[in-house]
Amino acid sequence: MNASSPSSRSSPMRRFATPLAADALAAIAECLRAGGVVLMPTDTVYGIAAHPDRPDALARLFALKGRDASKPVPLLADSMASVLKAGLDASAAAQRAAASFWPGALTLVLDRPDGGTEGVRVPADATACAICAAAGGLLRCTSANASGEPPALDAEAAAIALPEADILVDGGPVDGGVASTVAQLADTNVRIFRPGPVAEADLKACLQD
């Protein structure tokens, strides 16, 4: 792979198995920063990840998946500290919920400085968090499959679905658990955009403690 231009590579997809050695983690992070796309396990399904500072990589992610470019790709983070460093506005309520349910199946909808919003979560998967941290703290990540097809639950399925990705991280099979709850929180108000494992009642109880 030509790390300076992953989108023009002619070499086979590079593969790394977990647990990731330090040099493997460094190579994955370098690829992401250079505009590559990476297939990796998360706590539910395999995902395809791109660096948030590389719009060219995000465009390639959309192209590889055949995904509608108007559909946003959420962020994975290694920590709330990285979320705040990126300038996202995490209210006191959102930070309390994150302290209770991160890492885990809660996506928080946070305000951006430009007036838009971002969905972000810290996954309950050590490999995904380590890759996020090595790449700078945040990654764009969505399921590793062609749009409209079932998500990949193991590395080979991810590679078959998206063979033009630059790197495959093989973390073994994942269980395909329920997609995260997507919620926006302000004071004691909770708005649920997508129900999931974290119930609205649990979020409200967390904010009232």
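See the structure printed just above.
Source: prediction; values computed, not measured.

## Some details on the pattern of salt bridges
And then number 1: Using the criterion set out here, one finds eight salt bridges in the structure.
And then number 2: A salt bridge links R121 to D43; its shortest N-O distance comes to 2.7 Å. Residue R121 is found in strand β6 (residues 117-121), and its partner D43 is found in the loop between β2 (38-41) and β3 (46-50); the two are separated by 78 residues along the sequence.
And then number 3: A salt bridge links R140 to E118; the shortest N-O distance between them is 2.7 Å. Separated by 22 residues along the polypeptide, R140 in strand β7 (residues 138-143) and E118 in strand β6 bring together distant segments of the chain. Like R140, the residue E118 is buried in the burial classification.
And then number 4: Counted as one network, the salt bridges with shared partners bring together R112, D114, E118 and R140.

## Thoughts on the sheet that holds strand β9 (residues 181-186)
In sheet architecture, strand pairing relies on hydrogen bonds along the backbone and comes in two forms, parallel and antiparallel.
And then number 1: Reading across the sheet, the 10 strands line up as β1-β8-β2-β3-β7-β4-β6-β5-β9-β10 and stay open at both edges, with mixed pairing between neighbours. Each of the sheet's edge strands pairs with one partner strand only, and the pair in question is β1 (14-17) and β10 (189-194). With direction set aside, neighbouring strand axes in the sheet form an average angle of 35°.
And then number 2: As paired elements, strand β4 (residues 75-77) and β7 share three bridges and run antiparallel to each other. Residue L76 lies in a different strand from β7, and its bridge partner there is L139.
And then number 3: Most of the contacts of helix α4 (residues 92-101) go to strand β5 (residues 106-111), to which it runs at about 160°, and overall it touches β5 and β9.
And then number 4: Along the sheet face, helix α7 (residues 200-208) touches β5, β9 and β10 and points at about 150° away from the line of β10.

Cut-offs and rules
- Residues numbered from 1 in each chain as written.
- Predicted model: local features only at pLDDT ≥ 70, side-chain atom pairs only at ≥ 80, totals over all residues.
- Heavy atoms only, no water.
- Salt bridge = Lys/Arg side-chain N within 4 Å of Asp/Glu carboxyl O.
- Helix = DSSP H or I, 4+ residues; strand = E, 2+ residues; numbered from the N terminus.
- Buried < 20%, exposed > 50% of the residue type's maximum accessible area, 1.4 Å probe, protein only.
- Pairing = 2+ DSSP bridges.
- Axes fitted to C-alpha atoms, helices over the stretch in contact; angles between N-to-C directions.
- Contact = heavy atoms within 4.5 Å.

Function-wise, these values are silent; they only describe arrangement.
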